[in-house]
Amino acid sequence: MDLRYCKKSFVLPSITNTIIKINNSEIYPEGLKSSMERLKRIITTTQTECKKYEHLKSIEGHDGKLFLNIGFDPYLYQIYLKAYEENPKRSFHDTCPGLSNASDSNKTSSLTIDNFVQNIFEKKIKSIYSHNAYYLSYFLDSHDTYLFSIIDILGIEYVIVDFDTYNQAHGHYYHKKFINNEDHRRYCIFPHVEEYWDYSLKMENIKYFNFPFFIKHAPKQEINNYSIVISSWSRTSQLVHSLKPVLFFLDFVDSSRPFYDYQILFHTLSYLLLYQTELSIYEKMFYFRLFSNIYFQTYSLFKFEIIENLKTEKKVYLFGDEMWRHFFPEYYQRPLSLEESKDLTKIQLSEPFLYLLMNSNYSYYENNPMMIRIFNGGFPYLNISSVVRDSNIDALSELEYSSSSELNLKINNIKEYIQQEKYQKAWEHFSKSNNQCVKSFFEDILHGTKSTTNTHFENILQEYHQLFLDQMIQYLKANEHRVQECMKKIINKDYETYDISRSKYNSRPYMRKLIVLYNEYQRSLRSSEIAK
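This report concerns the structure included in the present document. (Residues numbered from 1 in each chain as written. Predicted model: local features only at pLDDT ≥ 70, side-chain atom pairs only at ≥ 80, totals over all residues. Heavy atoms only, no water.)

Our next topic: the packing of helix α4 (residues 113-122) against helix α6 (residues 147-154). The N-to-C vectors of α4 and α6 enclose an angle of 30°; their axes lie 12 Å apart at closest approach. It follows that α4 is roughly parallel to α6 by the angle criterion. Where α4 crosses over α6, the handedness of that crossing is right-handed. Between α4 and α6, the contacting residues are Ile113, Phe116, Val117, Ile120 and Phe121 on the first element and Leu147, Ile150 and Leu154 on the second. Split by residue class, the contact of α4 with α6 holds 8 nonpolar, no polar and no charged. (Axes fitted to C-alpha atoms, helices over the stretch in contact; angles between N-to-C directions. Helix = DSSP H or I, 4+ residues; strand = E, 2+ residues; numbered from the N terminus. Parallel < 35°, antiparallel > 145°, perpendicular 65-115°, else oblique. Left-handed = near helix turned anticlockwise from the far one by under 90°. Contact = heavy atoms within 4.5 Å. Nonpolar A, V, L, I, M, F, W, Y, C, P; charged D, E, K, R; others polar.)

Right under this line is the structure:
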């Protein structure tokens, strides 16, 4: 087999070795033959496509920047705006035909290698920026082509900006390794989750950053006669499918501060798994994905817990999918439009409102998109307790809650917390520091090189890694038996025989509805088995 186009661009040795080791592992024994056949198809098709464009090798005179599919992504759009501000005639976006939403890689599309390359030449593109690796995945899935090989022939820089983690992705972090090329830059959020895998799989071209969004406004201090706004997806279907392990996990979570404890427990379990066990990387990947799934579905269940336990005379507006209507018809309004979800100031209410967030919150610098939109809009808000904060922004905990009782207290006294001088100083420090990180990131992504620089954000990461380690050690000292028992039982899959009727959450009205859906799901599984 001719591998000349794959020696550098295509991660053939790594992937082949991976498939062999997976075959020898008890965790992922099936699918070896089909994986090898797929790999052969990709190599063959990639060779054929590369030969078509070899005469275009290392194109000269191109200096344009192309931003792929940013119409639905406000964060990559911020980077495009910066590029456009610097050179409006040489910055383009959403110009590739086909995929209207590149995250749906199975979608039927007219996008081909030919029109992709043609578009590059028409616009004189030298650098391509994409939200996640969606385009690369699309060409692999739909055309069996490894796009990096063609990009290398053309002499184009392809910059991937990852706004999602890979712990729940199909193929886990091996998919990230597969869709990677050390000759091209890559940026990722959530280094706390990603760094272990990036280092273990030797992806040295990756740098970390916070969300590229400048914070413009502090939360409003003048707020009277306000309502409560919640905007979230219920993710009921995924939660129902994982209800047993979630309820099992919650038996190990401290009920006095559950919205904080489930986070630190997960992070501690993950740390022990990754750094303190003798397991192979493949086994670690398997169990880390299992831990992550339980963690994310627990976060989904806590949305129900938070909403049901609201104790306030304030008007509550709940936006999201239709399943919310089934559980909380007294609050549910409608889904938000795409425009409203991108720009929360577009939500039109007759009175001021407090934004109630229910998001996991590792730290303010490794946060989620919804919090950034809240920050940018200057909305008064409350969110789940962060796991770590430095001393300069510790007062931001004034707008956090770790239990329903603490949430209800703060909902009814939000003005008092926002107006505190210590909170205002902490907010001023955080917004200034965040914006400095974003400015540095813009400079790096648009003009930087692969060389590592000691940026402001990297300094913050070092401090936060130590803060987390200190907090985790303290947590382990106080809860070692509980943590070790939880880890052992999850690895042994004791949750499979767990009786959900014994859960301490079983008496909740929302839980009774979830259990009905869970039982329906189990019956459908049994029917499917019988049909086979």
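Counted by the stated rule, this structure contains 55 aromatic pairs. Between Phe116 and Phe139 the ring centres are 5.5 Å apart and the planes differ by 70°, which places this aromatic pair in the edge-to-face class. Of this pair, Phe116 sits in helix α4 while Phe139 sits in helix α5 (residues 134-143), and the two are 23 residues apart along the sequence. For the pair Phe116 and Phe139, a shared accessibility class is recorded, and that class is buried. Aromatic pair Tyr355 and Phe379: ring centres 5.8 Å apart, planes at 55°, arrangement tilted. With Tyr355 in strand β10 (residues 353-356) and Phe379 in the loop between α15 (369-377) and β11 (381-384), this residue pair connects regions lying 24 residues apart in the sequence. Assigned by exposure class, Tyr355 and Phe379 land together as buried. Sitting above the plane of the Tyr226 ring, Lys314 keeps its charged end 4.1 Å from the centroid. Above the plane of the ring of Tyr417 lies Lys410, whose end atom (NZ or CZ) is 5.4 Å from the centre. (Phe/Tyr/Trp six-rings, centres within 6.5 Å; stacked < 30°, edge-to-face > 60°. Buried < 20%, exposed > 50% of the residue type's maximum accessible area, 1.4 Å probe, protein only. Lys NZ or Arg CZ within 6 Å of the ring centre and 35° of its normal.)

All right, on to helix α3 (residues 74-86) then. With 13 residues, α3 should cover 18 Å at 1.5 Å per step; its first-to-last C-alpha distance of 19 Å lies within 8% of that length. For α3, the set of buried residues is Pro74, Tyr75, Leu76, Ile79, Tyr80 and Ala83. (Expected span 1.5 Å × (residues − 1).)

The packing of two helices is summarised by the inter-axis angle and the distance between the axes. Relative orientation of the contacting elements helix α10 (residues 243-250) and helix α12 (residues 281-308) amounts to 85°, with a least axis distance of 9 Å. With respect to their mutual orientation, α10 and α12 come out roughly perpendicular. Two secondary-structure elements touch here, α10 through Leu243, Pro245, Val246, Leu247, Phe249 and Leu250 and α12 through Ile294, Gln297, Thr298, Leu301 and Phe302. Of the residues contributing to the contact of α10 with α12, the split by class is 9 nonpolar, 2 polar and no charged.

A word on unusual backbone geometry. Here Asp144, not a glycine, exhibits a phi torsion of approximately 50°, which is positive. For Asp144, the position within the fold is in the loop between α5 and α6. Classification of Asp144 as buried rests on a relative accessible area of 17%. Residue Phe190 is not a glycine yet carries a positive backbone phi of 55°. If you trace the backbone, Phe190 turns up in the loop between β5 (186-188) and α8 (191-200).

Let us look at the nonpolar core. Counting residues in hydrophobic clusters, the biggest one holds 176 residues, and the most contacted among them are Leu301, Tyr355 and Tyr381. Ranked by the residues each element gives to this core, the list is headed by α12, at 14 residues. Once residues lying within four places of it in the same chain are set aside, the contact partners of Leu301 are Leu239, Leu243, Val246, Leu247, Leu250, Tyr510 and Met511. (Core = buried A, V, L, I, M, F, W, Y, C linked by side-chain atoms within 4.5 Å.)

Taken by themselves, the reported measurements are silent on function.
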